[in-house]
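# Results of the structural survey
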Amino acid sequence: MLKKFIIERNIEGVGNSSEEDFRKMTGSSNEVLRNLGADIQWRESYVTGDKVYCVYLAKDENILRDHAKQAGFPIDKISEVKTVLDPSTTGLQGFQRDLSSKTKQTEIRQ
């Protein structure tokens, strides 16, 4: 079973990269992924000023390091995701609804 990982990559100025730069980066990444097989999947990446946060499914950290080495990407930190929380997580949707109805009640009273 594949585990979910977040990879942090420090790449100076990456947020100012061109569309063509991103095409080249993703192209070389995808080529390496094809060669590594089903034990690794790239889900998505988030680009900030000087960092890229990548979400992967992988059998272990070693294959993530192999991918980075072959694709020419740095890895500054790998974190295994233990739990994913979002509004659909038990109890949170109700909490958001309760919060919004309390806000509406406060607005009506004022």
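Structure report, in brief. (Residues numbered from 1 in each chain as written. Predicted model: local features only at pLDDT ≥ 70, side-chain atom pairs only at ≥ 80, totals over all residues. Heavy atoms only, no water.)

### Digging into the pattern of salt bridges
According to the stated counting rule, one finds six salt bridges in the structure shown. Lys82 is paired through a salt bridge with Glu80; the nearest N and O atoms lie 3.5 Å apart. Under the relative-accessibility criterion, Glu80 is labelled partly exposed at 33%. Connected through salt bridges with shared partners, the residues Glu19, Glu20 and Arg23 form a single ionic network. (Salt bridge = Lys/Arg side-chain N within 4 Å of Asp/Glu carboxyl O. Buried < 20%, exposed > 50% of the residue type's maximum accessible area, 1.4 Å probe, protein only.)

### Observations regarding the environment of Leu57
On the secondary structure map, Leu57 appears in strand β3 (residues 51-58). On the basis of relative accessibility, which here comes to 17%, the residue Leu57 falls in the buried class. In this structure, the C-alpha to C-alpha distance between Leu57 and Arg43, residues 14 residues apart in sequence, is 7.2 Å. (Helix = DSSP H or I, 4+ residues; strand = E, 2+ residues; numbered from the N terminus.)

### Points about helix α2 (residues 61-71)
Residues spaced three or four apart along an α-helix face the same direction, because each turn holds 3.6 residues. Considered for burial, the residues of α2 that qualify are Ile63, Leu64, His67, Ala68 and Ala71. Taken around the axis of α2, the buried residues stretch over an arc of 140°, which confines them to a single face. For α2, exposure combined with an orientation more than 90 degrees from the buried face picks out Asn62 and Lys69. Next to the buried residues of α2 lie β1 (3-10), α1 (19-36), β2 (40-47), β3 and β4 (77-80). Sitting at the amino-terminal end of α2 is Asp60, which places a side-chain oxygen 3.0 Å from the backbone nitrogen of Asn62. Looking one or two places after α2, you find Gly72, whose phi comes out positive at around 80°. (Arc of directions from axis to C-beta. Contact = heavy atoms within 4.5 Å. Polar contact = N/O pair within 3.5 Å; in protein donor to acceptor, adjacent residues only side chain to side chain.)

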